[in-house]
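Working through the structure, step by step
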Amino acid sequence: MSDFLSSLPAIWSAILISDLMRYLVGAFGIFLLINLALAGLLAGRKIRPDSPQTRQLVTEFFVSLRTVFIFATAGGLLIAAGVAAGWIDLYMDPAERGWLYFWMSVIILIVAHDAWFYWTHRLIHHPRLFRAVHRRHHRSNNPSPFTSYSFDIAEAFVNAAYLPLIVLFLPVSPLAMLIFTSHMMLRNAVGHCGYELFPAWRGKPLFGWLTTVTHHDLHHAQAGWNFGLYFTFWDRVMGTEHPDYAARFAKVVRYSPAKEAGYQQPS
């Protein structure tokens, strides 16, 4: 343990740089690609007519830096301490337990995180908790990719707690955690980008089990619905999917049954 304590500053700085780079690449990358470079091409898939103001984007960015610090400190250092204490089985060679186990561990990390997010998300929407824990995130009524980490301090700790807790019970490799956290960041940034990027078929999401951008955008517009992060499963089972979600999605992807059937309005 003494070796761990002496190497703590180096471990923390490495984790902090990794988390910061993941946020910058994810949030800035999606913003530059979707909200700027492809904005004209994707204009027909824009969910709302207006865009977030510069002041909102700047605020979200600096609040997100605080979240990155909390993730690196509360999440990353807890995992490092657990490994040093022998409580967490972090194996370095991803093939050590077989590639089937490796990919199953990635899937478990994602699916379990979706459940963690749904239930903690519903909890912090409780009237007694919302103002203190979750209000900062919902100040971004019209979200942007930078909204993805724009959390109150308490909410950042809630989100940071997931990974140290799950790896207490699930042996993983650093590569599996990297894939999971990269997926988390990209899905989060995409989900807040304001453009519907998911494919549609006859006005419905082609992959109905995945949350679309419209799905999460509705949560920011009307906070009592659509609590899921990656999947629609919990919202559908618990009856918290917005009743107008299907119609809103069809509208965003410009679906018209009459147009598809070749019907033209008489002049």
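Here goes a summary of the coordinates provided. Numbering of residues begins from 1 in every chain and follows the order in which that chain's sequence is written. In keeping with the model being predicted, local features are shown solely for residues with a pLDDT of at least 70 and side-chain atom pairs are shown and tallied solely at 80 or more, while totals for entire chains, interfaces and linings include all residues. Each side-chain value is derived from all of the structure's non-hydrogen atoms; neither hydrogens nor water enter the calculation.

**Observations concerning the overall build of the protein chain**
The secondary structure content of the protein chain amounts to 11 helices and two strands. The way it works is that DSSP assigns letters per residue, a run of H or I at least four long becomes a helix, a run of E at least two long becomes a strand, and they are numbered from the N terminus. Shown N-terminal to C-terminal, the secondary structure of the protein chain runs as helices and strands in the order α-α-α-α-α-α-α-β-β-α-α-α-α. Against the compact-globule benchmark of 18 Å for 267 residues, the protein chain has a radius of gyration of 20 Å, which places it among compact chains. In terms of principal-axis extent, the alpha carbons of the protein chain reach across some 85 × 45 × 40 Å. Note on classification: 1.4 Å probe, protein chains only; a residue is buried when its accessible area is under 20% of the maximum for its type, exposed when over 50%, partly exposed between these limits. In the protein chain, buried positions account for 46% of the 267 residues. Counting only contacts in the protein chain whose residues sit at least 6 apart along the sequence, the fraction spanning at least 24 positions is 75%. With residues, only the protein chains shown are counted as cover, and all accessible areas are computed by Shrake-Rupley using a 1.4 Å probe. Of the roughly 13,800 Å² of accessible surface on the protein chain, a fraction of 68% belongs to carbon and sulfur atoms. Here the globule rule reads 2.2 Å times residues to the power 0.38, and the radius of gyration is calculated from C-alpha atoms. Between two residues, a contact is recorded if the distance between any of their heavy atoms is within 4.5 Å.

**Side note on the environment of Leu-109**
Position of Leu-109 among the secondary structure elements: in helix H4 (residues 99–124). Along the sequence, Leu-109 and Ile-179 sit 70 residues apart, while their C-alpha atoms lie 9.7 Å from each other.

**Thoughts on the pattern of salt bridges**
For this analysis, a salt bridge means a side-chain nitrogen from Lys or Arg found within 4 Å of a carboxyl oxygen belonging to Asp or Glu. By the definition in use, this model includes four salt bridges. For Arg-22, the salt bridge is made with Asp-19, and the minimal N-O distance between the two is 2.4 Å. Of this pair, Arg-22 and Asp-19 both sit in helix H2 (residues 8–37), three residues apart, which is roughly one turn of the helix. On the basis of relative accessible area, Arg-22 is assigned to the buried category, the value being 14%.

**Concerning unusual backbone geometry**
One non-glycine residue, Arg-202, adopts positive backbone phi at about 55°. Topologically, Arg-202 is positioned in the loop between strand E1 (200–201) and strand E2 (204–205).

**Digging into helix H3 (residues 54–85)**
The terminal C-alpha atoms of H3 lie 45 Å apart, and with 32 residues this matches the ideal 46 Å at 1.5 Å per residue to within 8%. Taken as a whole, H3 carries its principal kink of about 25° at Gly-76. What a helix should span is 1.5 Å times the count of its residues minus one. Bend, in this description, refers to the angle at a residue between axes fitted to the seven residues ending there and the seven starting there.

**Details of the nonpolar core**
Nonpolar cores are built from buried Ala, Val, Leu, Ile, Met, Phe, Trp, Tyr and Cys residues. Side-chain atoms within 4.5 Å join them into one set. In terms of nonpolar packing, the biggest core is built from 48 residues, with Tyr-23, Leu-109, Tyr-149, Leu-163 and Val-167 touching the most fellow members. Of all the secondary-structure elements, those providing two or more residues to this core are H2, H3, H4, helix H6 (153–166) and helix H7 (174–191). In this structure, Leu-163 is in contact with Ile-79, Leu-109, Met-177, Phe-180 and Thr-181, ignoring residues within four places of it in sequence.

**Quick look at the packing of H3 against H6**
Where helices are involved, their axes are fitted lines through C-alpha atoms of the stretch in contact, as for all axes, and angles between N-to-C directions lie from 0 to 180°. Orientation of H3 relative to H6, taken along the N-to-C sense of each, is 30°, at an axis distance of 9 Å. Crossing of H3 over H6 shows right-handed handedness. In this structure, H3 contributes Arg-66, Thr-67, Ile-70, Phe-71, Ala-74, Gly-75, Leu-78 and Ile-79 to the contact, and H6 contributes Ile-153, Ala-156, Phe-157, Asn-159, Ala-160, Leu-163 and Pro-164. Tallied by class, the residues present in the contact of H3 with H6 amount to 11 nonpolar, three polar and one charged. By definition, any crossing whose near helix is turned counterclockwise from its far helix by less than a right angle is left-handed, and any crossing with a clockwise turn is right-handed. Charged means Asp, Glu, Lys or Arg here, nonpolar means Ala, Val, Leu, Ile, Met, Phe, Trp, Tyr, Cys or Pro, and polar covers whatever is left, Gly included.

**Here we look at the packing of H4 against helix H5 (residues 127–138)**
The interhelical angle for the contact between H4 and H5, taken along N-to-C directions, is 115°, at an axis separation of 8 Å. As judged from the angle between their axes, H4 and H5 are roughly perpendicular. Each of His-121, Leu-123 and Ile-124 in H4 lies in contact with H5, whose residues at this interface are Leu-129, Phe-130, Val-133, His-134 and His-138. Residue composition of the contact of H4 with H5, grouped by class: five nonpolar, three polar and no charged. Comment on the angle field: the value is read as roughly parallel under 35 degrees, roughly antiparallel over 145, roughly perpendicular from 65 to 115, and oblique elsewhere.

**Let's talk about the packing of aromatic side chains**
In this scheme Phe, Tyr and Trp rings, the latter by its six-membered ring, pair at centre separations within 6.5 Å, and the angle between planes marks the pair as stacked below 30 degrees, edge-to-face above 60, and tilted otherwise. The full count for this structure, using the stated rule, is 23 aromatic pairs. Between the aromatic rings of Phe-28 and Phe-61, the centroid separation amounts to 5.6 Å while the plane-to-plane angle is 70°, which identifies the pairing as edge-to-face. Of the two residues, Phe-28 is situated in helix H2 and Phe-61 in helix H3; the sequence distance between them amounts to 33 residues. Here Trp-99 and Phe-102 contribute two aromatic rings whose centre-to-centre distance is 5.2 Å and whose plane-to-plane angle is 75°, an arrangement assigned as edge-to-face.

**Digging into the side chain of His-138**
Counting through the fold element by element, His-138 comes out in helix H5. Accessibility expressed as a relative area gives 13% for His-138, which makes it buried. Within the structure, His-138 has its side chain in polar contact with the side chain of His-219 (distance 3.0 Å). Each residue touching His-138, except ones within four places of it in the same chain, is listed here: His-121, His-125, Phe-130, His-219, His-220 and Ala-223. Any N or O atom pair separated by 3.5 Å or less is treated as a polar contact, with the protein-specific requirement of one donor-capable and one acceptor-capable atom, and with residues adjacent in sequence counted only for side-chain atom pairs.

**Concerning the environment of Ala-160**
Inspection of the secondary structure assignment puts Ala-160 in helix H6. Given the relative accessible area of 7%, Ala-160 is considered buried.

**Some details on H4**
With 26 residues, H4 should reach 38 Å at 1.5 Å per residue; the first-to-last C-alpha distance of 37 Å fits that figure. Looking at the packing, one finds that the buried side of H4 touches H5, H6, H7, helix H8 (213–221) and helix H9 (233–238).

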